[in-house]
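# Close look at the chain arrangement
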Amino acid sequence: MKILLYNPDNGVTRNFMPHLWMFLLQALTPPGHEVVLIDGNAQSMDEEGIARYVREQNIGLVGIGAMTRMIAKAYRMADAVRAAGVKVVMGGPHVTEMAEEALGKDVGSRHADAVALGEADETWPKIVEDAARGRLKDVYAPVDDFGQERKPSLQPYPEIPWDKIKLDQFNLLPGILHPLLKRVGAGWGTFRIIPVESGRGCPYGCEFCTVTGFFGDSIRFRTNESVVNELLLLKARAREEGGQIAVFFIDDNFAINVKRTKSLLRDIIAANAQVHWVAQISANLLRDEELVDLIAAAGGKWIFIGMESIDPTNLAAVKKGFNKPGEYAVVLERLARRNVFAITSFIFGMDNDAPGVAERTLKEIRSWPAGLPIFGLLTPLPATPLYKRLEAAGRLTRPKHWQQFIPFAMAHTPLKMSIDEAHNEVRIGWANSYSPEAIEKAVDSLNHKPLGYRINILIARLCFRGIYFPQMGRFAWVKTILENWRTILRLIRQGFGPGLDAAVPSVATEPVTKRTH
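Residues numbered from 1 in each chain as written. Predicted model: local features only at pLDDT ≥ 70, side-chain atom pairs only at ≥ 80, totals over all residues. Heavy atoms only, no water.

### A word on the confidence of the model for the protein chain
Definition in use: The predictor reports its confidence for every residue as pLDDT, a score running from 0 up to 100. Note on contacts: a residue pair is in contact if any heavy atoms of the two residues lie within 4.5 Å.
Here the protein chain averages 90 in pLDDT, and 91% of its residues register 70 or above. With pLDDT under 50 throughout, residues 499-517 is counted as low confidence; its partners more than four residues away or in other chains account for 69 contacts.

Below, the structure written as structure tokens:
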């Protein structure tokens, strides 16, 4: 049987990397079946296109995974596939919580022939076998012999053949930057970000988050050897291709067990398996100086930190009181001293937010080392404690907001400002952080660093700008490049000027793999 695994885009922004679940299920598929992958973020496809594809390729089963913000597109694509006579199984956090919606057992139409609840590592082979025999069940749940939910162990972990998988579609480099990057160092013909997980689960249980509900509060880890071998495989591929591959550790909190994380980082260093990587780590865990030393030595370049708010009252209300705004600056300086920079995430529209929250937050951000601030709105995702609290209080304005996805639009009424005011605060945050002037200032703040660091922050800012400002098409990218031409031109002049070799950090000249939810 030929199987298609498909992940939709949301029609507004594109992710910076492929989705790991597709590669993982491909590796877990029983022998005798062919699996093809389509990521909507890399290969644009509409309903007509996917229907034509499954017919022409004689697809026997389509697996679709999607987060809540992509679920409306996922349902439309599933409907098109089923109309073409092909079975569809859907999974992921949203479908796990809203299985009856996907199966049409509420008031809507049916979108899936079957749903996979929770982590599908163990149920996927059974789904494939049942589909091949024409015996798909409605629901597949990972349960033990007593009917209790079971979380799959990550030991052993499936080997994903990164050395053989075609990754051409995931090159992130705009062509206009190729000449400059080639001057920075060898091996910049391509640049890809590859998802890798070293563990699953999070014990924190933040009110707005789906992670604990989906992956559980019991942390499971791969062996250090398994992770190191995967990094070595990616590093070898990058060297052979003359390109760059960076890793995004998609663990919900990469350093949740600090002792284990230190052990993994030491093993990465000992095996010379360093690649440039980014990981999600909460600010409270970055108090550990030794941990930060090891992050830098093991190839860490960007750390995603869910700061959420600079207001302790807000953080306590959403069960994230372990974040201490008073230590944000110290944590970021600690990272920056080791040339590790931060992606700092903020949520506006919390219960203690009032008009002006964006400027108050920006004032703090301007005092920190240059990084990548991102801004969003408090969003009640289905089945989260936040959703239940707002529903009970009658504050939901769009109870099923996912059925008509609107980017950066609230689905409930804030307490201390209007919905429109909350939307404006997000706009202010993005506009003041990603204007040409702000990007130029961020680049200039690293003038004391080698050229490679300034190019790094420029490319990262230009890419992250597209999370909020439409940047899907070629024209939008040309416009963005033109708006930032002064900064780009200055870096080009510096790159082609004398003394370049002395200005480039050693990590930028290695023909290996490096990089930036």
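### A word on the side chain of Asn-323
Quick note on the threshold: Here a helix means four or more residues in a row that DSSP labels H or I, a strand means two or more in a row labelled E, and each is numbered from the N terminus. Three labels apply to residues, based on accessible area from a 1.4 Å probe with only protein chains included: buried if under 20% of the type maximum, exposed if over 50%, partly exposed otherwise in between. Counting of polar contacts relies on pairs of N or O atoms within 3.5 Å, with two restrictions inside protein: one atom must be capable of donating a hydrogen and the other of accepting it, and residues adjacent in sequence are counted only when both atoms are side-chain atoms.
Locating Asn-323 in the fold gives a position in the loop between α12 (312-317) and α13 (328-336). The exposure class assigned to Asn-323 is buried, which follows from its relative accessible area of 3%. Among the polar contacts made by the side chain of Asn-323, one reaches the main-chain carbonyl oxygen of Met-307 at a distance of 3.2 Å. Of the polar contacts made by the side chain of Asn-323, one reaches the side chain of Tyr-328; its length is 3.3 Å. Apart from the residues within four sequence positions on either side, Asn-323 is in contact with Ala-283, Gly-306, Met-307, Leu-315 and Tyr-328.

### Quick word on the pattern of salt bridges
Filter applied, for reference: Basic side-chain nitrogens of Lys or Arg form a salt bridge, by our definition, when they fall within 4 Å of a carboxyl oxygen of Asp or Glu.
For the coordinates displayed, the defined rule picks out 36 salt bridges. Note that Arg-220 is salt-bridged to Glu-119, the shortest N-O span being 2.9 Å. Here Glu-119 lies in the loop between β5 (114-116) and α6 (124-132) and Arg-220 lies in strand β9 (residues 220-221), a separation of 101 residues in the sequence. With respect to class, Arg-220 is no different from Glu-119; both count as buried.

### Observations regarding helix α11 (residues 289-297)
What counts, and what does not: Along the arc lie the directions from the helix axis toward the C-beta atoms.
Restricting attention to buried positions, one finds in α11 the residues Leu-291, Val-292, Leu-294 and Ile-295. Down the axis of α11, the sector holding all buried residues measures 160°, keeping them to one side. Those residues of α11 that are buried lie in contact with α10 (258-270), β11 (277-280), β12 (300-308) and α13. Where α11 starts, the residue carrying a side-chain oxygen 3.0 Å from the main-chain nitrogen of Glu-290 turns out to be Asp-288. Looking one or two residues beyond α11, the residue adopting positive phi is Gly-299, at roughly 105°.

### As for the environment of Trp-477
Inspection of the secondary structure assignment puts Trp-477 in helix α19 (residues 474-483). A relative accessible area of 23% means that Trp-477 is categorised as partly exposed. Between the C-alpha atoms of Trp-477 and Leu-462, which are 15 residues apart in sequence, the distance is 9.0 Å.

### Concerning the environment of Val-143
Its place among the elements puts Val-143 in the loop between β6 (139-140) and α7 (178-184). For Val-143, a relative accessible area of 35% translates into the label partly exposed. For the pair formed by Val-143 and Glu-122, sequence separation is 21 residues and the distance between their alpha carbons is 9.6 Å. The residues contacting Val-143, other than those within four sequence positions of it, are Gln-148, Glu-149 and Arg-150.

### As for the sheet that holds strand β7 (residues 191-196)
Let me state the cut-off plainly: Should DSSP find at least two bridges between two strands, the strands are regarded as paired. Interaxial angles span 0 to 180 degrees and are taken between N-to-C directions of axes, which are lines fitted to C-alpha atoms, for helices over the stretch in contact.
Strand order in the open sheet formed by 6 strands is β7-β10-β11-β12-β13-β14, and the pairing between neighbours is parallel. Two strands close off the open sheet at either side, each with one partner strand: β7 and β14 (372-377). Direction aside, neighbouring strands of the sheet carry axes that sit 20° apart on average. Here β12 runs beside strand β13 (residues 341-348); their pairing, made up of 6 bridges, is parallel. When the bridges of β13 are listed, Phe-304 appears paired with Ile-343. Against the sheet, helix α9 (residues 224-241) contacts β7 and β10 (244-249), and its axis sits at roughly 155° relative to β10.

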